[in-house]
Amino acid sequence: MNKKADVVIVGTGVAGLFSALNLPDDKEIIMITKSDAESSDSFLAQGGICVLRDEQDYDSYFEDTMRAGHYENRKESVDIMIRSSGKIIEDLVGYGVEFEKDGEAFAYTREGAHSSNRIIFHEDVTGKEITSHLLERVRELPNVTLLENTRMLDIITKDNECLGAVIRLESGLIENVIADATVLAA
């Protein structure tokens, strides 16, 4: 049996949910997750999320990121990540995510390979805070079908083009999801 969608998204962590929320609402989206939607690794993440505090922090943030990636990172991707971090945080706050505050401003801390305080957080359950709000927003979208306890078994290709995914539903039934775009966010 075949299902048809404009987009199939494999994974319901932050990457998959954020993708669904940023796609046009006229696109039919099927999201799949191998367990229940609250069991993603994103949901379990404790730490915080990096954000560019100001332009003076850019060079240090860039170097910290490159060093943490053993200088194997794609420089253009690191630049995009850093420069878009403030907008992403604005989007997350718009979806209802709450980060710790120091007065009216975000409270910043330092983690991992970072040389300065540029991590915003929510208690020690930042992943749960972000993922639960994004999941709530996605569940409100009429164009998204969320299939829990569903596994991707394979991708469907023809002439080196991805055409969707083969999935096994919770019932054990195997189906093809034919889609114009396939997002692997697992």
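Each value, and the rule that gives it
Residue positions within a chain follow its written sequence, with the count starting from 1. Under the rules for a predicted model, residues below a pLDDT of 70 receive no local features and side-chain atom pairs below 80 are neither given nor counted, while totals for whole chains, interfaces and linings still include all residues. The side-chain numbers reported here are obtained from all heavy atoms of the structure, hydrogens and water having been left aside. Each patch is built from residues that are more than 30% exposed by relative accessible area and take part in no salt bridge. Like charges join if they lie within 9 Å; nonpolar side chains (Val, Leu, Ile, Met, Phe, Trp, Tyr) join within 5 Å. Per-residue and other accessible areas follow the Shrake-Rupley method at a 1.4 Å probe size, with only the shown protein chains counted as cover for residues. The term salt bridge refers to a side-chain nitrogen of Lys or Arg lying within 4 Å of a carboxyl oxygen of Asp or Glu. Each helix is a run of H or I in the DSSP string that is no shorter than four residues. Each strand is a run of E no shorter than two, and both are numbered from the N terminus. Strands qualify as paired when DSSP identifies two bridges or more between them. Note on geometry: axes are C-alpha line fits, over the in-contact stretch for helices, and angles between N-to-C directions span 0 to 180 degrees. Whether two residues are in contact is decided by their heavy atoms: any pair within 4.5 Å suffices. Residue types Ala, Val, Leu, Ile, Met, Phe, Trp, Tyr and Cys, when buried and joined through side-chain atoms within 4.5 Å, form a set referred to as a nonpolar core. Per-residue accessibility, obtained with a 1.4 Å probe over protein chains only, is compared with the maximum for each type, and a residue is labelled buried under 20%, exposed over 50%, and partly exposed between these values. Pairs of N or O atoms within 3.5 Å make up the polar contacts considered here, provided that, within protein, one atom can donate a hydrogen while the other can accept it, and that residues adjacent in sequence are counted only when both atoms are side-chain atoms. Both site types are read off a 1 Å grid over the protein atoms alone. A 1.4 Å probe that fits but cannot get out defines a cavity, while an open set with protein on both sides within 12 Å along at least five of seven lines defines a pocket; lining residues have an atom within 4 Å of a point. Grid points are joined across faces, edges and corners, and a volume is the space filled by probe spheres set on the points. We call Asp, Glu, Lys and Arg charged. Ala, Val, Leu, Ile, Met, Phe, Trp, Tyr, Cys and Pro are nonpolar, and the rest, Gly among them, are polar.

**Structural notes on a nonpolar patch on the surface**
Inference 1: A contiguous nonpolar surface patch, about 250 Å² in accessible area, is contributed by Met152, Ile155 and Leu184.
Inference 2: Looking at the secondary structure, you find Ile155 in strand 8 (residues 151-158).

**Quick notes on the sheet that holds strand 7 (residues 144-147)**
Inference 1: Taken together, 6 strands build an open sheet; the order of strands is 7-2-1-10-9-8 and the sheet is mixed. Edge positions in the sheet fall to strand 7 and strand 8, since each of these pairs with one other strand and no more. Averaged over all adjacent pairs, the angle separating strand axes in this sheet is 40°, with direction ignored.
Inference 2: Alignment of strand 2 (residues 29-32) against strand 7, held across 4 bridges, turns out to be parallel. The residue of strand 7 that forms the bridge with Ile32 is Leu147.
Inference 3: The strands that helix 1 (residues 14-21) touches are strand 1 (2-10), strand 2 and strand 10 (174-184); relative to strand 2, the one it contacts most, it runs at about 170°.

**Concerning the nonpolar core**
Inference 1: Among the nonpolar cores identified, the biggest contains 22 residues, and Ile9, Met31, Leu92, Phe99, Leu134 and Val138 are the most heavily contacted of them.
Inference 2: Those elements that provide at least two residues to this core are strand 1, helix 1, strand 2, helix 4 (75-94) and helix 5 (126-139).
Inference 3: Not counting the four nearest positions on each side in its chain, Val138 is found in contact with Leu17, Ala20, Leu21, Met31 and Val144.
Inference 4: Val8, Ile32, Leu147 and Ala179 belong to the second largest nonpolar core, which has 11 residues in total.

**Brief notes about the environment of Arg110**
Inference 1: The topology assignment puts Arg110 in the loop between strand 5 (105-106) and strand 6 (119-120).
Inference 2: Spatially, the C-alpha atoms of Arg110 and Cys50 are 9.1 Å apart, while their sequence positions differ by 60 residues.
Inference 3: Those residues in contact with Arg110, other than ones at most four positions away along the chain, are Ser115, Ser116, Asn117 and Ile119.
Inference 4: Separated by 2.9 Å, the side chain of Arg110 and the backbone oxygen of His114 make a polar contact.

**Overview of the layout of surface pockets**
Inference 1: Each pocket or cavity is described by its volume, and for the largest pocket that value is around 420 Å³.
Inference 2: The wall of the largest pocket is formed by 21 residues, among which Gly11, Thr33, Lys34, Ala185 and Ala186 lie closest to the centre.
Inference 3: Tallied by class, residues from the lining of the largest pocket come to 8 nonpolar, 9 polar and 4 charged.
Inference 4: Each pocket or cavity is described by its volume, and for the second largest pocket that value is around 180 Å³.
Inference 5: Forming the boundary of the second largest pocket are Ile49, Cys50, Tyr61, Ser77, Ile80, Met81, Ser84, Ser85, Ile88 and Ile89.

**Overview of the pairing of strand 9 (residues 161-168)**
Moving residue by residue along a regular strand, the side chains alternate between the two faces of the sheet.
Inference 1: Two strands pair when backbone bridges link them, and strand 8 and strand 9 are joined in this way by 7 bridges, in the antiparallel orientation. Each residue of the ladder has a partner; that of Ile155, found in strand 9, is Ala165.
Inference 2: Hairpin connection of strand 8 to strand 9: 2 residues between the antiparallel strands, including Asp159 at a positive phi of 50°.
Inference 3: Taken together, the 5 bridges between strand 9 and strand 10 define a ladder with antiparallel strand orientation. Bridge pairing links Ala165 to Val177 in strand 10.
Inference 4: Linking strand 9 back to strand 10 in an antiparallel pair, the connection comprises 5 residues, with Gly172 at a positive phi of about 100°.

**Thoughts on unusual backbone geometry**
Inference 1: Even without being glycine, Glu123 reaches a positive phi, approximately 45°.
Inference 2: If you trace the backbone, Glu123 turns up in the loop between strand 6 and helix 5.
Inference 3: According to the relative accessible area criterion, Glu123 is exposed, its value standing at 52%.
Inference 4: Positioned with a positive phi, Asp159 is a non-glycine residue whose angle comes to about 50°.
Inference 5: Mapped onto the elements of the fold, Asp159 is located in the loop between strand 8 and strand 9.
Inference 6: A residue is classified by how much of its surface remains accessible, and Asp159, at 73% relative accessible area, is exposed.

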